[in-house]
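So you can see what is in the structure, the chains are spelled out below.
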Amino acid sequence: MWWKRTGILQMRTTALILALILHLGASHPCLSPERRCDFVCDCSDCNDEQDCGYSGQGFQCNFEGTGICGWKDQSLNAAYKWERRQRGDTLPDSGPSSDFTTGTSAGWFLGVTEVKSAVVKTAVLVSPKMQESSPTCRLRLRYFLWDSGETGLGSSPLLASVLHQDSEKAVVWRPEATSVRGWREATVFLGRITTPFQIQLYSDRLEGGRGDVAVDQLEFLDCALPFPLPGKECPAEMLECQRGGCVHQRQVCDGTDDCGDWTDEENCEGYRRCDFENDVCDWDLRSLSKLKWVRTSQENISITDPLKGPGRDHSINSASGHFLYVTVPDGGLKHDWAAFQSPYLEPTNMTHPCKMIMYTHQFGPRSGGLSVLVASKTISPVWERGGALGDVWVKAEVEIVNNSTFQIVIMAAVRELAYGGIAIDNIVLSPECRRSNESVSLANFPKPPKNPCTVPEKMCDFHTDCLGAQDEAMCGDFSYSKGSSGWTDTSIGSQGWVLHQNSTAKEEYLYVAKASGQQLTEAQTRTPLLGPSGPACTIQFDFALTGNPAHIGDLSIRVIDSMLGVQPKLWEFSGKTGIGEAEWQPAHVAIGARKHRFQLGFESRAVKLCPCAKIKVKNIHFTGCHADYFPSSSTAPSCNFEDGLCGWHQDNSDNFDWTLLDGMDHTIGIGKSLVVDMWSSSLRGAFGRLLSLPLLPGQKGHCLTFFYKIYGPNTGALNVKLFDAHGYEKLLWTHSGAHGNIWHEAHCPVPHQFTTYQLMFEAVRSGFDGQVAIDDVTLVDRPCSVPRMCSFEGQQCGYTSSGHVYWVLRNGHTATATGPKTDHTLETELGFYMLVKTGKNVLPAGVTTTLTSPVRQGTDKTECINFWYHMTSENPGSLSVYMKPVEGKRVNIFTDSLNQGDVWRHGNGNISSNIMDWQLQFEVTGRGGKDTHVAIDDIFLSAGPCENRGSKCTLERGMCTWSNTQNVKRDNLDWDLTSHEKEMHYFTPSEDHSLGTEKGHFLFIPSSNRTAANQNAQLLSPHLPPTKGTCLKFWAYKPYSSDSQLKVWTLTGGLLKEQLEVKDLGGPWRRFDIDIVSTEEYQIVFEGTKGAFGVLALDDIEYTVGVNCAKKVTDGATTSTEPSNAGGIAASVIVVLLLIGTLTALLIYYIRTQMRFRPLTDPSSSSSSPEAHTGFSNDTYEGDLTADVRIPPAQNHPMAVGFNNVSVFAGVREREVA
């Protein structure tokens, strides 16, 4: 029968697989099952450690490549599960802005799916089975925990547990459930696990966004048991394990299986060990306090609430194991301390001290600290460990010397806060701790310390609130007599911090010494909770790393934020400061403004601890730290950044900082500017913010002017925001996408404020390949003039409305039946534009409404105003654009009254003001249409006169009428404008085509590993009319080394039609001519696709509407439907006639003034005078890219002579000119 045949086949297949496994195990002993995933590379290629939850010699997993290192989703419900994913092409509304490993959108991580449920859903991620681990085993990872929808994280949005071979679980990691939009670092202490095990990552949520819980960059550290060293014996100071390998003598008889076979715990006669599995041994849990220690297990405390209890015991690393525990009882605290004691012990001496080892678990804010006291004729403390140390069992060792009978008293301090507690396990007493039969009367128990002189929030807040500054006296500042005692050693490893005090020499310092902890971690010491702090907060100290070795060790300082957790290092030093004792060096480290309470921590690791090497810190002092202290600044927010940040400071609650960059500025060309390098491989997160000092309200609004760069193919955005006194933020200005490797001037109106406020520059890292920079920031007490560029994203740029109806700032989300569904800037529903409804019931026929710009300072040069407009339906109204001088009649520079379809169209007109100040007016006259509208977007004032449709765009004055699409459904990158001379980051052509020099500009897509290959960038022309033959000419650069691709398309009705695919060019600039034929209106699209290496560039783009490449007129003479620009031609003539008299008078006045104030110095030295270079002027900036550059005739360029037309074969629609 078929099922018998199937069963026989399955048995044979299973037997074959089993035989294959046995054969492989026999032929490759390193691949035997007991050697797989044991944290030791037994095979030369470490193949036995692949897909173990980690892979390879580094025992890491970053989820890059094709796999996830053997991790599997085992969620019970498909509605909420783990998945391997990338961020995506755009900055998401939930989840990380990038992975952690690569810091780009191309990087991979594991995150949860979106969930919305009436009951809690659990996503479960399970590792492969691993072999047993060592006591020092820990997992370091990066995790992301963000409540993007503000629905609440719940009590256990992320936790880790160990699944033992017998299916018993033990919780080993419970991160603080705080919402932060950024990757954080954590260490999961796995400890000694004696059987094969798995790690499980859980997430419990009712509602949450996709990726809001995520992990990346897993790394297993120090997890292998000691393994034998072939041909070598254990040193004299070490013990040899039966299974091989060596352990230190200090690990012998300490209650921990360090060998992995209990060899180090076998010959321990005379030691008294209590693991509390059966009882409390001879420890006495009676106490004078109403708060009591209890013997319990995690199973007895809770297996459902992950925040209760230590999660596991130390003895067997299990939820069923027992320990002593104290926490806040259900009825609340009546006493905040609990104690238990040993039996009476005989006196000891210096040569035979009583040694006690115990393991403590101090978790959560309820953990106030532990103390060990010796009670005899007097009661005195001999050991203490303050605060919470994390989700880890920590080894402690105490030596007791007492010349009379005594008891050991272990006391815990407990705070009535949200969660946590203190546990003790595995107490070991050495043979010298002998029981005494003597009965003695002990000293009275000491009185508890006095209550603090003020509320906890005011303790150590850098402001004196109590008499004698008691509230600031023990906060870590050495300038107070007891300030040094404010530092608490929080080390859990073999190195720790000790306070040295010599009252005779009046010397005190902190130094690194040996400690009893078993973890292989850095020595740590921390202050109490400090702050909040102000922007000028600084810590000063002296440090010394001295001794004979060439490298003494490392020293660093970091902030531990009460809300955001452990922050990146603020400062670090590695190496040595000298040899002698006096080799101290000073340090000044900016702490800056911190919104939440925080701790400061010194961290250090000595290469070797001995009398020959020391790490020390002294003279610690805080300056300017009170939250309400702001340093005075002569320039306030106005700053050119040559001498620092002036009245600006970093926001320490964001993801990354702005940095001062030397050699690229707007002020003097070689000075400093403030930048965020989006291409930096060290950057993580989405936001970097720069805050002004608090600004006082004025009588009216202000204008914030600055210069900026947004440069690169995949950069992000630059925002200006306003924070009011209540913490609300308002977007004032925003720009995104590629703006070229040039400085742009910005004018940002700041509305009138009635209370104190702050301004903020925000760099949004939605891309990973570019640079954002600012310079020459000025806040002036006057309205803004017309900005050179206005996209209406979040603000009106000072434009005002007048007339029968008002223009309104809208986007596609607010549009109903009337108005564009997308803007022109972003090409999405989120983008903004200015709109006026022109239906006859709103704007009757013949009635007008006007949108007017602020006043702009006049110039003697002709400028071009560019804008995009949207007019649809029949009789949408008449749109006229005027230049209105402050004196005299306005001049019409543009008119259109046709239904232009549901597309954004480009319009422009020349502005010739002849130094008279002027305003721009967009005037719409009703024509009696139904449900009609006119919309305006992306107004841009460019240097030089407008170029007509048939002219060449040399890119020396910007991008002309070409624009990058910002529609993320169509491309991912941008073409960007640069020159070889200004380029400091990317590889580019050594010269452009137009000028043939390194000063000339071109558009390019660089090759960079910050952006994934095969991403595209689309460059669009304006909408062009149907044609029987329009010639497109351009020059392209693509070396042999480049694998980037270039295609030319026409876009009609949302459909792309290929016109040309540029193959390998290899070498210098090459010219292409294409005849375009289209029966419908169209746009030309240059689409570049980024390769893995090499650059792609464009220059000298030209199209001749209605004239083909043979210079033959194809479309004939037709009635033009193009908007009128005739008024712009006469504008300068009219204004000149009005101003001739004024100019003549000014000329006479100027000549007389020059004669009266002629300088006495040599004219040749005037340019080098100090006055010639002081300050900067935002009003005199000229955005002409060709300033100081002369454009030579085209035939002077070596590539512009001797063109030879190349024959085009049938079916090929390209003409290449060599």
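Note that the coordinates shown come from a computational prediction; the quantities given were computed from them, not determined experimentally.

**Looking at the overall build of the protein**
Then, number 1: The helix and strand tally for the protein stands at three helices and 66 strands.
Then, number 2: Residue burial in the protein is summarised as follows: out of 1218 residues, 53% are buried.
Then, number 3: Taking all contacts inside the protein whose residues are at least 6 apart in sequence as the whole, residues at least 24 apart take part in 77%.

**Examining the pattern of salt bridges**
Then, number 1: Inspection of the entire model under this criterion finds 25 salt bridges.
Then, number 2: As a salt-bridge pair, R272 and D282 come within 3.7 Å of each other at their nearest N and O atoms. Placement of R272 in strand β14 (residues 272-274) and of D282 in the loop between β14 and β15 (294-297) is noted, with a sequence separation of 10 residues between them.
Then, number 3: Using a relative accessible area of 26% as the deciding quantity, one classes R272 as partly exposed.
Then, number 4: Each of R689, K721, E729 and E762 takes part in one network of salt bridges that share partners.

**Topic: unusual backbone geometry**
Then, number 1: Omega for the peptide link from G531 to P532 comes to 5°, which places this bond in the cis form.
Then, number 2: Positionally, P532 belongs in the loop between β27 (523-526) and β28 (538-547).
Then, number 3: Despite not being glycine, C37 has its phi angle at roughly 55°, a positive value.
Then, number 4: Residue placement: C37 occurs in the loop between α1 (2-27) and β1 (60-61).

**A word on the sheet that holds strand β32 (residues 598-606)**
Each strand in a sheet pairs with its neighbour through backbone hydrogen bonds, running either in the same direction (parallel) or in the opposite one (antiparallel).
Then, number 1: As summarised here, the arrangement of the five strands in space is β24-β27-β32-β29-β30, forming an open sheet in which the pairing is antiparallel. Either end of the sheet is taken by a strand with one partner, and the two such strands are β24 (488-489) and β30 (565-575).
Then, number 2: By the bridge criterion, two bridges tie β24 to β27 in an arrangement that is antiparallel. Residue pairing across strands places D489 opposite T525, the latter belonging to β27.

**Some thoughts on the environment of V392**
Then, number 1: Inspection of the secondary structure puts V392 in the loop between β20 (379-386) and β21 (394-400).
Then, number 2: Between the alpha carbons of V392 and P310 there is a distance of 8.2 Å; along the sequence they are 82 residues apart.
Then, number 3: Discounting residues that sit within four places of it in the chain, V392 has contacts with F189, T360, H361, I492 and Q519.

**Considering the pairing of β30**
Then, number 1: In terms of strand pairing, strand β29 (residues 553-561) meets β30 through eight bridges, oriented antiparallel. Of the residues in β30, the one forming a bridge with G553 is G575.
Then, number 2: Where β29 folds back onto β30 in an antiparallel hairpin, the turn is made up of three residues.

**As for the nonpolar core**
Then, number 1: With 40 residues, the main nonpolar core has W71, W82, L190 and F220 as its most contacted residues.
Then, number 2: Those elements that provide at least two residues to this core are β4 (108-112), β5 (115-126), β6 (138-145), β7 (159-164), β8 (169-173), β9 (180-189), β10 (197-208) and β11 (213-221).
Then, number 3: Aside from chain neighbours lying at most four places away, what touches W71 is G53, F63, L110, L125, V126, S127, P128, I199, L201 and L218.
Then, number 4: Within the second largest apolar cluster, 36 residues are counted, among which are C460, F573, A606 and C625.

**A short note on the side chain of S127**
Then, number 1: Following the sequence through the fold, S127 ends up in the loop between β5 and β6.
Then, number 2: Using a relative accessible area of 2% as the deciding quantity, one classes S127 as buried.
Then, number 3: A polar side-chain atom of S127 sits 2.9 Å from the main-chain amide nitrogen of I199.
Then, number 4: Beyond its immediate sequence surroundings of up to four residues, S127 is in contact with G70, W71, Q198 and I199.

**Here we look at the side chain of D976**
Then, number 1: With respect to the helices, strands and loops of the structure, D976 is situated in strand β57 (residues 976-979).
Then, number 2: K709 provides the closest opposite charge to the buried, salt-bridge-free D976, at an N-O distance of 9.8 Å.
Then, number 3: Within the structure, D976 has its side chain in polar contact with the backbone nitrogen of G740 (distance 2.6 Å).
Then, number 4: Non-local contacts of D976, meaning those with residues more than four positions away in its chain, are made with I710, Y711, G712, P713, A738, H739, G740, N741, F1002, L1003 and F1004.

**Points about the state of the cysteines**
Then, number 1: This structure, assessed with the given rule, holds 20 disulfides.
Then, number 2: Two residues, C639 and C646, share a disulfide whose sulfurs are 2.1 Å apart. Handedness of the C639-C646 disulfide follows from its S-S torsion of about 65°: it is right-handed.
Then, number 3: By relative accessible area, which is 1% here, C639 ends up buried.
Then, number 4: Between the sulfur atoms of C790 and its disulfide partner C797 the distance amounts to 1.9 Å. Since a negative S-S torsion denotes a left-handed disulfide, the C790-C797 link at about 90° is right-handed. Each member of the pair, C790 as well as C797, carries the same accessibility label: buried.
Then, number 5: Just so you know, C748 is unpaired, no disulfide at all, and the nearest cysteine sulfur is the one on C784, 6.6 Å from it.
Then, number 6: Its relative accessible area of 0% is what places C748 among the buried residues.

**Concerning the sheet that holds strand β31 (residues 585-590)**
Then, number 1: Read from one edge to the other, the open sheet built from five strands follows the order β25-β26-β33-β28-β31, with strand pairing classed as antiparallel. Edge positions in the open sheet fall to β25 (495-502) and β31, since each of these has one partner strand only. Adjacent strand axes in the sheet meet at a mean angle of 30°, parallel and antiparallel pairs treated alike.
Then, number 2: Bridge count for β28 against strand β33 (residues 613-623) is nine bridges, and the pairing is antiparallel. Bridging from a neighbouring strand, A544 pairs with K616 of β33.

Conventions used here
Residues numbered from 1 in each chain as written. Predicted model: local features only at pLDDT ≥ 70, side-chain atom pairs only at ≥ 80, totals over all residues. Heavy atoms only, no water. Helix = DSSP H or I, 4+ residues; strand = E, 2+ residues; numbered from the N terminus. Buried < 20%, exposed > 50% of the residue type's maximum accessible area, 1.4 Å probe, protein only. Contact = heavy atoms within 4.5 Å. Salt bridge = Lys/Arg side-chain N within 4 Å of Asp/Glu carboxyl O. Pairing = 2+ DSSP bridges. Core = buried A, V, L, I, M, F, W, Y, C linked by side-chain atoms within 4.5 Å. Polar contact = N/O pair within 3.5 Å; in protein donor to acceptor, adjacent residues only side chain to side chain. Lys, Arg positive; Asp, Glu negative; His and termini not counted. Disulfide = S-S within 2.5 Å. Axes fitted to C-alpha atoms, helices over the stretch in contact; angles between N-to-C directions.

Function cannot be read off these values alone, since they describe shape.
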